[in-house]
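Observations on chain architecture
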Amino acid sequence: MDAFSGIILFIVAFYATINFYRIYSLGRKIFHFCLGTAAAFLAIIGVSSFLAEFFPVLDPYFIGEWSSVFSSAFLLSAAGALIRDFKPVFSRFPKSFAFLPLILIAIYPLIIDTVMVKQWALAIFQGSALTISLLIYGFRTYQNSEYGYMLVGVVFFAVTFTLYWLPESVFTMPAYVWMLLVSCGILIITVGYNQVYNLEEQLLDQQVRRETWFV
């Protein structure tokens, strides 16, 4: 079952990677790049056990752990970029600041042997990204129901996050369950964001036409 769910996670995450990189190539937004990169590392997590079978020298735990680190760091960077895009143009912070969460990748080797510290670091990064996404897309859904697709996807991630980090004495989530839940969240967000992105493009075109109708 774990192998089957890993394949599903790989397929869905790979689709999301291609999709968000495609959108990034059109608009050059940091948010899309970070989402695509985070999805790429989630895809690697899905096939980490298969990579070890073809390349015995590779450690699936090592691959999965570092892929989680990269994915968490880029997810929080995406959340930072989302905050930047949500602000008015005159009050936006420099683009480079959105990449500050990537410092986790640099400091992770220093805490890799301390189980509790590294788990707390990953949980804080993932929880922060989810909290920011829930707040922003909750507000945007209140303004426009089209954003509800994104909100539902983020809720899937929030449920998975909560169940995954519960103490083992309270609840233990099998690997295939969290992979399937994450796959559902990725698919909903990807498909939903395509509709939202088209909506934003239409609104932008309407604004441009209003501003340039007399030219």
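So, a few notes on the structure that sits alongside this text. None of the values given here were measured: they were computed from a predicted structure.

Regarding helix α4 (residues 60-86)
Over its 27 residues, α4 runs 38 Å from end to end, which matches the ideal 39 Å to within 8%, given 1.5 Å per residue. Here α4 starts with a cap whose side-chain oxygen sits 3.1 Å from the backbone nitrogen of Y61, and that cap is D59.

Notes on the packing of aromatic side chains
Counted according to the given criterion, the structure contains 16 aromatic pairs. Judged by centre distance (5.8 Å) and plane angle (50 degrees), the ring pair of F20 and Y193 falls under tilted. Taken together, the positions of F20 in helix α1 (residues 2-27) and Y193 in helix α8 (residues 175-212) put the pair 173 residues apart, joining distant regions of the chain. Its relative accessible area of 3% is what places Y193 among the buried residues. Considering the side-chain rings of F93 and F97, the 6.5 Å spacing of their centres and the 15 degrees angle between planes classify their relative orientation as stacked. In this structure F93 comes out as partly exposed when scored by relative accessible area, which is 23%. A relative accessible area of 47% places F97 in the partly exposed class.

Topic: the packing of α4 against helix α5 (residues 103-111)
Working note: a packed helix pair is described by the angle between its axes plus the distance between those axes. Their axes nearest at 9 Å, the elements α4 and α5 cross at an angle of 145 degrees. In the packing of α4 onto α5, the handedness of the crossing is right-handed. Taking contact as the criterion, the partners of E65, W66, V69, F70, A73 and F74 in α4 are, on α5, L104, I105, Y108 and P109. In terms of residue class, the contact of α4 with α5 is built from 9 nonpolar, no polar and 1 charged.

Quick notes on the side chain of T17
Inspection of the secondary structure puts T17 in helix α1. Among residues more than four places away in sequence, those in contact with T17 are G36, A39 and A40.

Describing a nonpolar patch on the surface
A cluster of nonpolar side chains, contributed by Y15, L187 and V191, occupies part of the molecular surface with about 240 Å² of accessible area. Structurally, V191 is set in helix α8. The class of V191 is partly exposed, set by a relative accessible area of 38%.

Side note on the pattern of salt bridges
Under the counting rule described, the total for this entry stands at 1 salt bridge. Here K118 makes a salt bridge to E65, at a shortest N to O gap of 2.8 Å. In this pair, K118 sits in helix α6 (residues 115-143) while E65 sits in helix α4, placing the two residues 53 residues apart along the sequence. Across this residue pair, the class does not change: K118 and E65 are buried.

Thoughts on the nonpolar core
Among the nonpolar cores identified, the biggest contains 49 residues, and F31, L104, I186 and Y193 are the most heavily contacted of them. Of all the secondary-structure elements, those providing two or more residues to this core are α1, α2 (30-46), α4, α5, α6, α7 (148-164) and α8. Ranked by the residues each element gives to this core, the list is headed by α2, at 10 residues. Once you skip the residues sitting within four places of it in the chain, F31 turns out to touch A78, A81, L82, D85, Y137 and Y193.

Description of the environment of N144
Inspection of the secondary structure puts N144 in the loop between α6 and α7. Residues N144 and V196 lie 52 residues apart in sequence; the distance between their C-alpha atoms is 9.9 Å.

Quick notes on the environment of Y137
Relative to the helices and strands, Y137 resides in helix α6. Residues Y137 and Y149, 12 residues apart in the sequence, show an inter-C-alpha distance of 9.3 Å. If we ignore the near neighbours within four places in the chain, the residues touching Y137 are F31, L82, Y147, M150, L151 and Y193.

The rules behind the values
- Residues numbered from 1 in each chain as written.
- Predicted model: local features only at pLDDT ≥ 70, side-chain atom pairs only at ≥ 80, totals over all residues.
- Heavy atoms only, no water.
- Helix = DSSP H or I, 4+ residues; strand = E, 2+ residues; numbered from the N terminus.
- Expected span 1.5 Å × (residues − 1).
- Polar contact = N/O pair within 3.5 Å; in protein donor to acceptor, adjacent residues only side chain to side chain.
- Phe/Tyr/Trp six-rings, centres within 6.5 Å; stacked < 30°, edge-to-face > 60°.
- Buried < 20%, exposed > 50% of the residue type's maximum accessible area, 1.4 Å probe, protein only.
- Axes fitted to C-alpha atoms, helices over the stretch in contact; angles between N-to-C directions.
- Left-handed = near helix turned anticlockwise from the far one by under 90°.
- Contact = heavy atoms within 4.5 Å.
- Nonpolar A, V, L, I, M, F, W, Y, C, P; charged D, E, K, R; others polar.
- Patch = residues over 30% accessible without salt bridge, like charges linked within 9 Å, V, L, I, M, F, W, Y side chains within 5 Å.
- Areas by Shrake-Rupley, 256 points an atom, 1.4 Å probe, with all protein chains shown as cover.
- Salt bridge = Lys/Arg side-chain N within 4 Å of Asp/Glu carboxyl O.
- Core = buried A, V, L, I, M, F, W, Y, C linked by side-chain atoms within 4.5 Å.

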